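Structure at a glance
If you want the building blocks of each chain, they are given just below.
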Amino acid sequence: MDFLSDTVVLSRMQFALTAIFHMLWPVLSTGMAIYLVVVEGLWLKTRNRDYYLHARFWAKLYVLNFGIGVASGLPMEFQFGTNWAPFSEAVGDFFGSILGFEGAMAFMLEAGFLGIMLFGWDRVPPLMHWLATIMVAFGANLSTFWILTANSWLQTPAGGEFIEGKFIVSDYFQAILNPFMLNSFLHMFFATLETSLFVIGGISAWYILNRRHPEFFGQSLKVVLAVALVVAPLQIFIGHLSAEQVYHYQPSKLAAMEAQWDTIPAGSSPAWSLVALPNDREGQNKWEVKVPGMLSYLLELKPTLSEPVQGLNEWAPQDRPHMVGLIYYSFRIMSGIGIFLAGLMGFSVWRWLRGKLTAEAIVDQKLMLWGWLLAAPMGYVAVECGWIVRCVGRQPWTVYGELRTADMATPLPAPEVLTSLLGFAAMYSMLFVGALYFGSRIIRKGPNLELPLPQSVSKDTLEVEPMQHQPDQRPVETQQ
């Protein structure tokens with residue numbers, strides 16, 4: 001239990017706890033906001049009342065996730081000043097401004113239009129309401145952009161130099177457009193959207209399995225399928241591009257992802273480790289199962305390597321990632337889930353093309369529906385595993401190759417950090433239980449299919465009713 005007296009370890013555990021918990025909520029809200037834009041747009045285009053009811057129902061789950069995301073995100077950012085003050089002092093000129101952009105641009109934009117999206121149905125015209133929904137979705141995903149920009153810079157710092165331990169920015173655009181930024185943002189964008197799609201699809205499948213409004217939720221499942229048809233394959237492709245970047249920019253992380261201890265020379269056709277038992281202390285795998293000749297195809301889509309794959313033993317123990325088993329299996333779980341979700345999408349589209357997703361036939365597609373129900377939480381697991389690979393694999397560096405994590409923690413007394421860690425654990429446990437309670441309550445109650453259309457919309461059209469002129473009732477002498 002030596003870690004209980006180690007301030008750095010406790011601070012890392014606290015940040016890991018807050019980050020893992022916080023990530024559960026914006027993952028759904030950013031992707032579901034796009035879904036709300038789609039269904040509300042379909043309502044405006046087709047005048048199908050069901051799409052309006054979908055927008056109203058799924059917005060309830062959106063706002064629940066948004067609220068808990070805000071409550072859990074603020075304490076996480078405050079830790080840069082409490083537990084990681086030397087880090088903030090060293091890189092705050094750039095890193096702090098990026099987080100400031102996220103709050104001032106993205107969060108304020110999302111929050112500013114959220115009230116119109118939730119409560120403006122009878123107060124603004126339909127097109128104006130749809131614009132508010134679009135702005136909420138844009139703000140949510142702009143937040144993803146700035147957060148991934150900041151984190152990507154930690155992976156591949158650019159746009160300046162460290163002078164006496166402090167980062168001096170010389171080119172903000174170069175720092176923002178660092179080598180990892182584009183693929184990292186796209187990978188996370190598609191991850192949040194894919195997770196949201198399969199959560200919506202899984203909840204829809206639950207209703208259909210229980211024969212509650214199968215026609216209504218069959219409709220939402222089809223919308224999800226239409227979007228997932230593009231998103232799921234793209235996510236796998238972007239994931240491959242991200243792995244290629246790790247191969248070129250962070251070779252020690254790649255070695256940990258593959259539990260590769262010895263260097264593989266260029267020109268070889270190495271086997272790919274499917275499962276293994278890495279041993280950090282001995283610098284080898286106790287046992288492993290390999291697929292011959294596969295690693296070069298996974299890294300370069302070629303039969304032989306054009307560049308060597310460095311092994312972990314090339315670095316001194318203090319300069320390479322530890323917890324190799326965690327990184328190794330997190331990467332495989334993330335990749336396996338991505339392949340499973342794409343396969344489920346393909347199977348579901350095949351059933352759709354065979355006419356099995358009609359209101360009458362969909363209730364009999366038990367295997368497909370159970371697949372969607374089981375897939376609902378998988379996106380969360382994949383996202384969390386991806387962040388474990390990204391951040392634990394970056395160690396021992398806070399800023400890769402520049403600042404060591406051990407030097408960036410605030411020298412607080414260990415008991416104080418332990419107290420705050422336990423406090424966060426207790427608070428987040430209550431928030432999680434509350435979210436499950438209110439979320440399940442929304443789902444058990446289901447949609448209100450008798451909900452009237454907004455007053456500004458007639459039953460037959462979506463045109464705004466013209467306003468009636470009201471004559472001025474003031475005394476003549478007060479009128480201008």
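Look up a bit, the structure's there.
In what follows, the accompanying structure is described.

Calculation rules
Residues numbered from 1 in each chain as written. Predicted model: local features only at pLDDT ≥ 70, side-chain atom pairs only at ≥ 80, totals over all residues. Heavy atoms only, no water. Patch = residues over 30% accessible without salt bridge, like charges linked within 9 Å, V, L, I, M, F, W, Y side chains within 5 Å. Areas by Shrake-Rupley, 256 points an atom, 1.4 Å probe, with all protein chains shown as cover. Salt bridge = Lys/Arg side-chain N within 4 Å of Asp/Glu carboxyl O. Lys, Arg positive; Asp, Glu negative; His and termini not counted. Charge placed at Lys NZ, Arg CZ, Asp CG, Glu CD. Helix = DSSP H or I, 4+ residues; strand = E, 2+ residues; numbered from the N terminus. Expected span 1.5 Å × (residues − 1). Bend = angle between axes of the 7 residues up to and from the residue. Axes fitted to C-alpha atoms, helices over the stretch in contact; angles between N-to-C directions. Parallel < 35°, antiparallel > 145°, perpendicular 65-115°, else oblique. Contact = heavy atoms within 4.5 Å. Nonpolar A, V, L, I, M, F, W, Y, C, P; charged D, E, K, R; others polar. Buried < 20%, exposed > 50% of the residue type's maximum accessible area, 1.4 Å probe, protein only. Polar contact = N/O pair within 3.5 Å; in protein donor to acceptor, adjacent residues only side chain to side chain. Disulfide = S-S within 2.5 Å. Left-handed = near helix turned anticlockwise from the far one by under 90°. Core = buried A, V, L, I, M, F, W, Y, C linked by side-chain atoms within 4.5 Å.

**Some thoughts on a positive patch on the surface**
On the surface, a cluster of positive charge is contributed by Lys60, Arg441, Arg444 and Lys445. No other element matches helix H14 (residues 414-445), which puts three residues into the positive patch.

**Thoughts on helix H1 (residues 7-46)**
With 40 residues, H1 should cover 58 Å at 1.5 Å per step; its first-to-last C-alpha distance of 59 Å lies within 8% of that length. Considering bend angle alone, the principal kink of H1 is centred on methionine 23 and spans about 25°; proline proline 26 follows within four residues of it. At the C-terminal side of H1, arginine 47 shows a positive phi close to 60°.

**Here we look at the packing of helix H2 (residues 49-82) against H14**
Packing of H2 against H14 leaves a shortest axis separation of 10 Å and a crossing angle of 175°. Between H2 and H14, the angle is such that the two are roughly antiparallel. Across the interface between the two elements, Phe57, Lys60, Leu61, Leu64, Ile68, Ser72 and Pro75 from H2 touch Phe424, Tyr428, Leu431, Ala435, Phe438, Gly439 and Ile442 from H14. Looking at the contact of H2 with H14, its residues break down into 11 nonpolar, two polar and one charged.

**As for the pattern of salt bridges**
Taken as a whole, this structure holds five salt bridges when the rule is applied. Salt-bridge contacts for lysine 290 lead to glutamate 288; the nearest nitrogen and oxygen are separated by 3.7 Å. In this structure glutamate 288 comes out as partly exposed when scored by relative accessible area, which is 33%. When the shortest N-O distance is used, the salt bridge between lysine 302 and glutamate 300 registers 3.5 Å. Classification of lysine 302 by relative accessible area gives partly exposed; the value is 35%. Assessed through its relative accessible area of 14%, glutamate 300 is described here as buried.

**Details of the side chain of asparagine 83**
On the secondary structure map, asparagine 83 appears in the loop between H2 and helix H3 (85-119). A polar contact is formed between the side chain of asparagine 83 and the side chain of serine 11, at a distance of 3.4 Å. Only 2.8 Å separates the side chain of asparagine 83 from the side chain of threonine 82, close enough to count as a polar contact. Residues within four places of asparagine 83 in sequence aside, it is in contact with Ser11, Gln14, Met408, Ala409, Thr410, Leu412 and Val417.

**Structural notes on the state of the cysteines**
Considering all chains together, one arrives at zero disulfides under this definition. Here cysteine 385 stays free of any disulfide, with the sulfur of cysteine 391 as its closest cysteine sulfur at 13 Å. Residue cysteine 391 is classed as partly exposed on the basis of its relative accessible area, which comes to 24%.

**Thoughts on the packing of helix H7 (residues 214-249) against helix H10 (residues 324-353)**
Contact pair H7 / H10: the axes reach a minimum separation of 9 Å and the direction vectors enclose 140°. The pairing of H7 with H10 is recorded here as oblique in orientation. Of the two possible hands of crossing, H7 and H10 adopt the one that is left-handed. On the side of H7, the interface is formed by Lys222, Leu225, Ala226, Ala228, Leu229, Ala232, Pro233 and Ile236, while H10 contributes Gly338, Ile339, Ala342, Met345, Ser348, Val349 and Trp352. Looking at the contact of H7 with H10, its residues break down into 12 nonpolar, two polar and one charged.

**Brief notes about the nonpolar core**
When a protein is soluble and globular, its nonpolar side chains tend to lie buried together. Residues Trp58, Tyr62, Phe87, Val91 and Trp372 are the most contacted members of the largest nonpolar core, which totals 130 residues. Here this core gets 16 residues from one element, more than from any other, and that element is helix H6 (residues 181-209). The residues touching tryptophan 58, leaving out its near neighbours within four places in the chain, are Met32, Tyr35, Leu36, Ile200, Ile203, Ser204, Phe217 and Ser220.

**Section: H14**
Compared with the 46 Å implied by 1.5 Å per residue over 32 residues, the 46 Å span of H14 between its first and last C-alpha is a close match. Every buried residue belonging to H14 is among Ala414, Val417, Leu421, Phe424, Tyr428, Ala435, Gly439, Ile442 and Ile443, and all of these are buried. Contacts made by the buried residues of H14 are with H1, H2 and H6. Downstream of H14 by one or two residues, glycine 446 has phi in the positive range, about 80°.

**Remarks on the environment of glutamate 384**
Structurally, the position occupied by glutamate 384 is in helix H12 (residues 378-392). Judged by its relative accessible area of 13%, glutamate 384 is buried. Sequence separation between glutamate 384 and glycine 346 is 38 residues; the distance between their C-alpha atoms is 24 Å. Ignoring anything within four residues of it in the chain, the contact list for glutamate 384 reads Ile20, Met23 and Leu24.

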